[in-house]
Amino acid sequence: MSKAINKITSTAVPLNEENVDTDQIIPARFLKATSRDGFGENLFRDWRYNSDGSPKKDFILNDPTFKGKFLVAGKNFGCGSSREHAAWAIKDAGFDVVVSSFFADIFKSNALNNFLLPVTVSEDFVQEAFALVQKDPSTLIEVDLEKQTITLPSSGRQEKFEINHYKKTCLLNGYDDIDYLLSIRGEIETFEQTHS
């Protein structure tokens, strides 16, 4: 299955919370596993479930009305500890893109390394996305990684977003760091031969 990301059009889950830290995303007690699989079921565990394991009806991820590949979140998303498991949990839960007006740097790096695209937009864009999705859960959001644009088709609102060129290349091609090095193996060998 390809990990490459380019154009994504999907509905969204609106998590209208600010300062969401990595311990809220995936609580520390679930960090014992070393495989990336299975973390999605514990995404936002303490917000999603009561102590007896029953779902909290008022939490957005438990509302079947909202689904999709986009998680739209409040500012300062992914703050707190540097656990890579936070990105694993979001990706394993079926999200390909997280949209926020600000991401913690380490979370952003971890997300990009795990084929989860963090898209930083203006606070106005986030608020418009929240309003549109809350009013109509079938509202679509579009991301074009090649053009570095995010669009709300129902209102026509579009913004450009920044991304590291190397990480963009990796996401477009489905490369991790090793895959990227293998993709330029010929160039590396040529360099070695001409500089030996």
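Residues numbered from 1 in each chain as written. Predicted model: local features only at pLDDT ≥ 70, side-chain atom pairs only at ≥ 80, totals over all residues. Heavy atoms only, no water.

### Some thoughts on the overall build of the protein
Of the regular secondary structure elements, the protein holds eight helices and eight strands. In terms of overall dimensions, the protein is globule-like: its C-alpha atoms have a radius of gyration of 18 Å, near the 16 Å expected for 196 residues. When its C-alpha atoms are laid out on the principal axes, the protein stretches across 65 × 45 × 30 Å. Residues counted as buried form 42% of the 196 residues belonging to the protein. When the accessible surface of the protein is totalled, it reaches about 10400 Å², and 49% of it is carbon and sulfur. Averaged over its 22 positive side-chain charges, the protein has a centre that lies 3 Å from the centre of its 29 negative ones. (Helix = DSSP H or I, 4+ residues; strand = E, 2+ residues; numbered from the N terminus. Rg over C-alpha atoms; globule rule 2.2 N^0.38 Å. Buried < 20%, exposed > 50% of the residue type's maximum accessible area, 1.4 Å probe, protein only. Areas by Shrake-Rupley, 256 points an atom, 1.4 Å probe, with all protein chains shown as cover. Lys, Arg positive; Asp, Glu negative; His and termini not counted. Charge placed at Lys NZ, Arg CZ, Asp CG, Glu CD.)

### Overview of the sheet that holds strand β4 (residues 97–100)
Strand order in this open sheet of four strands is β2-β3-β4-β5, and the pairing throughout is parallel. Here the strands that pair on one side only, and so sit at the sheet edges, are β2 (12–15) and β5 (117–120). Each strand of the sheet is rotated relative to its neighbour by a mean of 20 degrees, with strand direction disregarded. Across four bridges, the pairing between β4 and β5 is parallel. Across the sheet, residue V97 finds its bridge partner in β5, namely L117. (Pairing = 2+ DSSP bridges. Axes fitted to C-alpha atoms, helices over the stretch in contact; angles between N-to-C directions.)

### Here's the deal with the pattern of salt bridges
Evaluated as defined, the whole model comprises five salt bridges. Note that D96 and K91 form a salt bridge whose closest N and O atoms lie 2.7 Å from each other. D96 sits in the buried class, given a relative accessible area of 17%. For K91, a relative accessible area of 26% corresponds to the partly exposed category. For E128, the salt bridge goes to R157, with nearest N and O atoms at 2.8 Å. Of this pair, E128 sits in helix α5 (residues 123–135) while R157 sits in strand β8 (residues 157–160), and the two are 29 residues apart along the sequence. (Salt bridge = Lys/Arg side-chain N within 4 Å of Asp/Glu carboxyl O.)

### Observations concerning unusual backbone geometry
One non-glycine residue, F44, adopts positive backbone phi at about 55 degrees. Structurally, F44 can be placed in the loop between α1 (22–25) and α2 (45–48). For F44, a relative accessible area of 0% puts it in the buried group. The phi dihedral of N76 falls on the positive side, at around 65 degrees, and the residue is not glycine. Residue position: N76 is located in the loop between β3 (70–73) and α3 (85–92).

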